[in-house]
Amino acid sequence: MMRTTRLQSLQLAAALLCAISAGQALAQAAAPAAGTPAAKTPAATAPAAATPAASSGFLPPASANAKVVDSIQVVVNDEVITRNEVAGRMVQVTANMKARNAQMPDTATMERQVLEAMIVERAQLQLAKEMGVKVDDRTLDATIGRIAENQKLSVQDMRNQMEKEGMPFSRFREDIRNEIMMQRLREHEVDSKVQVSEAEIDTYMAAAKAAAADRIEVNIAQILVRVPENASPEQIAARAARAEEVMRQLRTGADFARMASTYSDAPDALKGGDIGWRDADRLPPNFSTELRKLEAGQVTPILKTNVGFHILKLAGKRSLASEADKAVVEQTRARHILLKVTPTMTEGEVKRKLLEIKEKMANNAGTFEELARQYSQDGSATKGGDLGWLYPGDTVPEFETAMNALKPGDTSDIVQSPFGFHLIQVVERKSEDVTQQKERNVARQVLRDRKMQEAMEDWMRQVRDRAYVEFREEQ
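Residues numbered from 1 in each chain as written. Predicted model: local features only at pLDDT ≥ 70, side-chain atom pairs only at ≥ 80, totals over all residues. Heavy atoms only, no water.

Moving on to the overall build of the protein chain. A count of helices and strands for the protein chain gives 15 helices and 11 strands. Burial analysis of the protein chain (475 residues in total) assigns 43% to the buried set. Of the roughly 25,800 Å² of accessible surface on the protein chain, a fraction of 52% belongs to carbon and sulfur atoms. (Helix = DSSP H or I, 4+ residues; strand = E, 2+ residues; numbered from the N terminus. Buried < 20%, exposed > 50% of the residue type's maximum accessible area, 1.4 Å probe, protein only. Areas by Shrake-Rupley, 256 points an atom, 1.4 Å probe, with all protein chains shown as cover.)

Our next topic: the packing of helix α8 (residues 198-210) against helix α15 (residues 435-466). Here α8 crosses α15 at 105°, and the two axes come no closer than 9 Å. Here α8 is positioned roughly perpendicular relative to α15, judged by the angle of their axes. Residue-level contacts link E198, E200, I201, D202, Y204 and M205 of α8 to E439, R440, A443, R444, V446, L447, R450 and K451 of α15. Looking at side-chain class alone, the contact of α8 with α15 contains six nonpolar, no polar and eight charged residues. (Axes fitted to C-alpha atoms, helices over the stretch in contact; angles between N-to-C directions. Parallel < 35°, antiparallel > 145°, perpendicular 65-115°, else oblique. Contact = heavy atoms within 4.5 Å. Nonpolar A, V, L, I, M, F, W, Y, C, P; charged D, E, K, R; others polar.)

On to the nonpolar core. Counting residues in each nonpolar core, the largest one holds 40 residues, and the members touching the most others are I81, V114, I144, M158, F172 and I176. Contributions of two or more residues to this core are made by β1 (72-76), α3 (83-99), α4 (107-130), α5 (137-150), α6 (155-164), α7 (169-189) and α15. Residue contributions to this core peak at eight residues, all from α4. Judged by nonpolar contacts, the second largest core, of 13 residues, contains M345, V350, A372 and L423. (Core = buried A, V, L, I, M, F, W, Y, C linked by side-chain atoms within 4.5 Å.)

To continue, consider the sheet that holds strand β8 (residues 386-390). The four strands are arranged β8-β7-β10-β9 in an open sheet whose pairing can be described as antiparallel. Looking at the sheet topology across the chains shown, the edges are occupied by β8 and β9 (415-417). Neighbour to neighbour, the strand axes of the sheet diverge by 40° on average, direction disregarded. Judged from the 12 bridges that link them, strand β7 (residues 328-339) and strand β10 (residues 420-433) form a sheet pairing that is antiparallel. Pairing of R333 across the sheet is with E428, part of β10. Its contacts with the sheet put helix α13 (residues 368-375) on β7 and β10, and the angle it makes with β7 is roughly 50°. (Pairing = 2+ DSSP bridges.)

With that out of the way, let us pick up the sheet that holds strand β6 (residues 308-319). One open sheet holds the four strands; their spatial order is β4-β3-β6-β5, and the pairing between them is antiparallel. The open sheet has two free edges, formed respectively by β4 (274-279) and β5 (303-304), since each of these has just one partner strand. Where β5 meets β6, two bridges bridge the pair, whose relative direction is antiparallel. Bridged to L303 within β6 is H310. Set on the sheet, helix α9 (residues 233-251) makes contact with β3 (216-226) and β6; between it and β6 the angle comes to about 40°. Against the sheet, helix α10 (residues 256-263) makes contact with β3 and β6, and its axis sits at roughly 40° relative to β3, the strand it touches most.

Below, the discussion takes up the packing of aromatic side chains. With the rule as written, the count across this model stands at one aromatic pair. Judged by centre distance (5.8 Å) and plane angle (35°), the rings of F169 and F172 are tilted. Taken together, the residues F169 and F172, both in helix α7 and three residues apart, mark about one turn of the helix. The buried category is assigned to F169, whose relative accessible area is 6%. Between K430 and the ring centre of W389, over which it is positioned, the NZ or CZ distance is 4.4 Å. (Phe/Tyr/Trp six-rings, centres within 6.5 Å; stacked < 30°, edge-to-face > 60°. Lys NZ or Arg CZ within 6 Å of the ring centre and 35° of its normal.)

Looking now at the pairing of β6. Strand direction decides the pairing type here: β3 and β6, joined by 11 bridges, are antiparallel. From the neighbouring strand, L224 faces β6, where its bridge partner is H310. What sits between β5 and β6 in their antiparallel hairpin is a turn of three residues.

All right, on to the packing of α5 against α7 then. Between α5 and α7, the least distance of the axes is 10 Å, while the angle of their chain directions is 105°. Between α5 and α7, the crossing angle belongs to the class labelled roughly perpendicular. Taking contact as the criterion, the partners of D137, T139, L140, D141, T143, I144 and I147 in α5 are, on α7, F169, F172, R173, I176, R177, I180 and R184. Of the residues contributing to the contact of α5 with α7, the split by class is seven nonpolar, two polar and five charged.

Look at α3: 24 Å from first C-alpha to last across 17 residues, which is about the 24 Å you get at 1.5 Å a residue. Of all the positions in α3, only R83, E85, V86, G88, R89, M90, V93, T94, N96 and M97 are classed as buried. Positioned one or two residues after α3, N101 has a phi angle of 55°, which is positive. (Expected span 1.5 Å × (residues − 1).)

The subject of this paragraph is α10. α10 sits mainly inside the fold: six of its eight residues count as buried. Here α10 has its buried residues at F256, M259, A260, S261, T262 and Y263. Taken together, the buried residues of α10 touch α3, α4, β3, α9 and β6. The backbone nitrogen of A257 lies 3.2 Å from a side-chain oxygen of the residue at the head of α10, namely D255. (Polar contact = N/O pair within 3.5 Å; in protein donor to acceptor, adjacent residues only side chain to side chain.)

Here you go:
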């Protein structure tokens, strides 16, 4: 329970969501059954006396020119995305791009990109709900607390700042809840299914040793012309022609970032296609091979994958610093006693109980192990609070900092973490040469990253292609 959770990895995505994803859920209309034609709203007909009535001081009845407050723009399965939602998201994306001095596509292109991103997002959320993925309020509150902490704000200060900028905090909470749901869905549907065998690791390590001197990082941007799943030859040809047109314009001097914003179907399109620095070895092999041939500012030929047609731009290249020959880490064997705040036990009562427990140890009224078995509220209680041998990074920062300050045999003061309140005891420490284990872990992660990038794009395409999507004309 004390080990670092995947939830922490949401901090960055959630902070970004705070900046760019404010334009959701302004209003929703009920969706018709899938496949049902859109019913036309009959225009109100003004009576013949409408015109004279205006001059007599009375308001005329509603006319056919009255503006609709909101309307459906897209049906995604059994839900809708309204024009107000799209407009709200457009405002946020525009503000974010201006803040980054990013190249702005024309309005029609930006709306297409924003709408496509919202469709994929909505389809993923629907799938998550169908699969029973839920995020409870406690998990949500903990995540929001970490976002605020990462921005060096209290939750209340962050809330005040958002609402001052026109974003209701309740909407922000639901955005974060949705982001966590989608992350959990992706973990279940993609992460857990990407496997790396020991034989693959052996092969990679042998090749890596031969190419150690040639390791580089590349700063890249991409334009992706996506091909639908189960596309017909005609569809594939049409998408290939689109990619060729993009390449033709690039060869004649078109700006890559603007072309990405206009033509790319990748999630990074509105960032000018910018992907950032990547270890070349962690990219698909055909990408890495072509990028190694380029100088900064040049672009690759069109590269075909099962996702579609890619064009990559090399913005920069640098050598990777070689790692130390040996990797020696200090491990700590520790115990803890964990008490949690509950509806029947306040924070003050938890702290008083932990002080009583520590006093019992000081008075030899019980050992740490005995008192952990009696009082601790986590799975380690049956083992006397023993957490085993811990590597750096195995526990949350608050716990690790307090543990690292202790000498073997010492017991900490009360330590607060996201899990509750602890007493920590260090049993012993040792140093271990984990060079080979570290190298294998690095190899496993490199191979996993390679597979994950393609698997994630493929899965997102499948979710999008399987969704029933109906675009509605503006009435």
